[in-house]
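Working through the structure, step by step
The lines below spell out each chain.
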Amino acid sequence: MENWLTDIISEFGYMGIMFLIACENIFPPVPSEVILTFGGFITTTSKLSIFGVIVSATAGSVIGAIVLYIIGLQLDVAKLEKIVDRWGHILRITKNDIYKADAWFDKYGPWTVFFCRFVPLIRSLISIPAGMSNMNVGLFLLFTTLGTLIWNVVLVYLGASVGGSWEVIVDYMEVYSRVIYAFLFLLVIIFVYLFIKRRR
């Protein structure tokens, strides 16, 4: 996949970066680490600038996030209530659980969106619950853009600074991703355990 991604960036420049990052937001398995670090590296061997790569990558991220936000809007609380009415006894979820989750996101949603932009996989998917909770669009775009911008700046500059060794950064990011995934997996286990215990 890396060769395919780097070929697109080499061929289409800024538009290629924006397209790939938008896809990365909609289809999380596409690795933004490769796109951004190679994008940084290519600024040292082409007419592309670091500023241009960061802007195009950030624009792509926001476009992808908006798509998932709109999908989330289609899964609002009312529709979730219908799902709970039908499957709640199997999923062990009540309408009250939905209301609590929605209230929590209303209170902490903006900062959740911001900080989740630094978490692999979750950084893309967080746009869906933001839409589901009808989070203010302006706040969503603001915190999505800020979090994305920081992520992009760091990786693009790292790619540019190490030059031809940009793949080393990708390797380090894979380690970071594995650690985050392990931590999230542990949190899920703890959450499920506490949820079942509370139900009993």
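As recorded by an unreviewed UniProt entry, the protein chain carries the name Membrane protein DedA, SNARE-associated domain and is attributed to Sediminibacillus albus. The heading Sequence similarities (unreviewed entry) in the UniProt record of the protein chain holds the text "Belongs to the DedA family."

Structurally, the position occupied by I17 is in helix α1 (residues 2–26). Taking the C-alpha atoms as reference points, I17 and G39, separated by 22 residues in sequence, lie 7.4 Å from one another. Apart from the residues within four sequence positions on either side, I17 is in contact with I9, I35, G39, V53, S56 and A57.

Counted under the stated rule, the structure contains one salt bridge. Its salt-bridge partner being R123, residue E24 comes within 3.1 Å of it at the nearest N-O pair. Of this pair, E24 sits in helix α1 while R123 sits in helix α6 (residues 122–125), placing them 99 residues apart in sequence. For the residue pair E24 and R123, the accessibility class agrees, reading buried in each case.

Sequence positions flagged by UniProt for "transmembrane region" (unreviewed entry) are, in local numbering, residues 12–36, 48–71, 138–159 and 179–196. Between the end C-alpha atoms of residues 48–71 the distance is 33 Å, and the span holds 92% helix and 0% strand. Overall, residues 138–159 shows 100% helix and 0% strand. The separation of its end C-alpha atoms is 31 Å.

Let us now look at the packing of aromatic side chains. Within this structure, the stated rule accounts for eight aromatic pairs. When the ring of F114 is compared with that of F118, the centres are 5.5 Å apart and the planes differ by 85 degrees; the resulting orientation is edge-to-face. Within the aromatic cluster, the residues linked to one another by ring pairs are W111, F114, F115, F118 and F143.

So, how was this worked out
Residues numbered from 1 in each chain as written. Predicted model: local features only at pLDDT ≥ 70, side-chain atom pairs only at ≥ 80, totals over all residues. Heavy atoms only, no water. UniProt positions renumbered as here; feature names shortened; annotations may be inferred. Helix = DSSP H or I, 4+ residues; strand = E, 2+ residues; numbered from the N terminus. Contact = heavy atoms within 4.5 Å. Salt bridge = Lys/Arg side-chain N within 4 Å of Asp/Glu carboxyl O. Buried < 20%, exposed > 50% of the residue type's maximum accessible area, 1.4 Å probe, protein only. Phe/Tyr/Trp six-rings, centres within 6.5 Å; stacked < 30°, edge-to-face > 60°.

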